[in-house]
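Below are the chains, spelled out letter by letter.
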Amino acid sequence: MTEASVAVHADPDLLAQAVAARLVVKLLDAQAERGQASVVLTGGRIAAAVYRAVGQLPARDAVDWSRVDVWWGDERFLPAGDLERNETQARAALLDTVPLDPARVHPMPASDGPAGDDPEAAAAGYARELAAAARPGNAIVPHFDVLMLGVGEDGHVASVFPEHPVHHDNRPVSAVRGSPKPPPVRTTLTLPTINTAEEVWLIAAGADKARAVGMALAGAGPVQLPAAGVQGVSRTLWLLDRAAAANVPPRLRSLR
Ligand SMILES: O=C(O)[C@H](O)[C@@H](O)[C@H](O)[C@H](O)COP(=O)(O)O
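All values derive from a computational prediction rather than experimental measurement. (Residues numbered from 1 in each chain as written. Predicted model: local features only at pLDDT ≥ 70, side-chain atom pairs only at ≥ 80, totals over all residues. Heavy atoms only, no water.)

Glancing now at the site of the ligand. Surrounding the ligand, one finds 15 residues, the nearest of these being Arg45, His156, Ala158, Lys181 and Lys209. The contact in question runs from an oxygen atom of the ligand to an N or O atom on the side chain of Arg76, over 2.8 Å. Measuring from an oxygen atom of the ligand, one finds a side-chain N or O atom of Lys181 at 2.7 Å. When isolated, the ligand has an accessible area of 420 Å², and the protein chains bury 97% of it. Of all the elements in the fold, those that place two or more residues in the shell around the ligand are helix H2 (45-56) and strand S4 (74-76). In terms of residue class, the shell around the ligand is made up of three nonpolar, six polar and six charged. (Near = heavy atom within 4 Å. Polar contact = N/O pair within 3.5 Å; in protein donor to acceptor, adjacent residues only side chain to side chain. Areas by Shrake-Rupley, 256 points an atom, 1.4 Å probe, with all protein chains shown as cover. Helix = DSSP H or I, 4+ residues; strand = E, 2+ residues; numbered from the N terminus. Nonpolar A, V, L, I, M, F, W, Y, C, P; charged D, E, K, R; others polar.)

This is the structure:
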């Protein structure tokens, strides 16, 4: 079990800047070690702020973006280009401003894509794409250097919601209907797939996240509070602003 570590920053803007700096360093380190890097993106406001901050960092140009693999942890099941899609937001905030290799960018299927308007088929298709890129000896997913997650007020991560049937889906990618956070239909990596990542970063800002963050770090159950079930292979890092960290046990926080 990797013990979670926590970094707290004064406000959402500084948090986004700090996470952006961490992400650039993480990509650089991965490329120095492996010749390539892989990141799993998520959606939401603080994630978009991080992507924008990466785009504004001069050091971003030190990354060989042509050797970065981009995956998604979840996606809203909407037509391609829909402004509410996590892919659309990530492209606008960062991906379309750096020289990525399009073949290494793997968005989750859109509702008007080859899988058609069937989220189950879309989830199965993404699972096949993950398996096709899987590392030797691992049948289902490639190596993820860092997997980023936002945290919902209810403790959801990606599109894994509390007390939702998705918890009982033992496939790597699941179709989510009845999402309590609109839009109602999504696709998501399941928690076991999320937890294959080398490092998982949970990023949260705002007082409305303090309860979920505090409960997750106090050991709540993953079905009731999915963020509590997140654990990276070598690192689980909570990246918070002061408001979201209000209930973090003092022994866990390193205040910035
Ligand atoms: O599709 C989504 O909305 C995200 O994947 C979701 O998991 C998000 O990261 C959290 O809800 C936090 O969102 P905020 O950072 O906007 O609060």
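What follows picks up the thread again.
Pairing in this open sheet of three strands is antiparallel, and the strands run S4-S7-S6 from one edge to the other. Every other strand in the sheet has two partners, leaving S4 and strand S6 (173-176) as the edge strands with one partner each. Strand-to-strand, the axes of this sheet are offset by a mean angle of 15 degrees, without reference to chain direction. Relative to strand S7 (residues 186-189), S6 runs antiparallel, the two being bridged by four bridges. Bridge pairing in S7 links Val173 to Leu189. Against the sheet, helix H4 (residues 119-132) touches S6 and S7, its axis set at about 160 degrees to S6. (Pairing = 2+ DSSP bridges. Axes fitted to C-alpha atoms, helices over the stretch in contact; angles between N-to-C directions. Contact = heavy atoms within 4.5 Å.)

Turning our attention to the UniProt feature "domain: Glucosamine/galactosamine-6-phosphate isomerase" (unreviewed entry) in the protein. UniProt marks residues 11-238 with the feature "domain: Glucosamine/galactosamine-6-phosphate isomerase" (unreviewed entry), using the numbering shown here. Structurally, residues 11-238 is divided into 30% helix and 16% strand, and its ends, taken at the C-alpha atoms, are 15 Å apart. (UniProt positions renumbered as here; feature names shortened; annotations may be inferred.)

The complete set of buried residues in helix H3 (residues 86-93) reads Asn86, Glu87, Thr88, Ala90 and Ala93. Of the surrounding elements, those touching the buried residues of H3 are strand S2 (37-41), H2, strand S3 (68-72) and S4. (Buried < 20%, exposed > 50% of the residue type's maximum accessible area, 1.4 Å probe, protein only.)

Another point: the packing of helix H1 (residues 12-34) against H2. Describing two packed helices takes the angle between their axes plus the distance from one axis to the other. Two numbers describe how H1 lies on H2: the axes approach to 8 Å, and their chain directions differ by 60 degrees. In terms of orientation, H1 lies oblique with respect to H2. Every pair of crossing elements has a handedness; the one defined by H1 and H2 is right-handed. The segment H1 lies against H2, with Pro12, Leu15, Ala16, Gln17, Val19, Ala20, Leu23 and Val24 engaging Ile46, Ala49, Val50, Ala53, Val54 and Gln56. Residues of the contact of H1 with H2, tallied by class, amount to twelve nonpolar, two polar and no charged. (Parallel < 35°, antiparallel > 145°, perpendicular 65-115°, else oblique. Left-handed = near helix turned anticlockwise from the far one by under 90°.)

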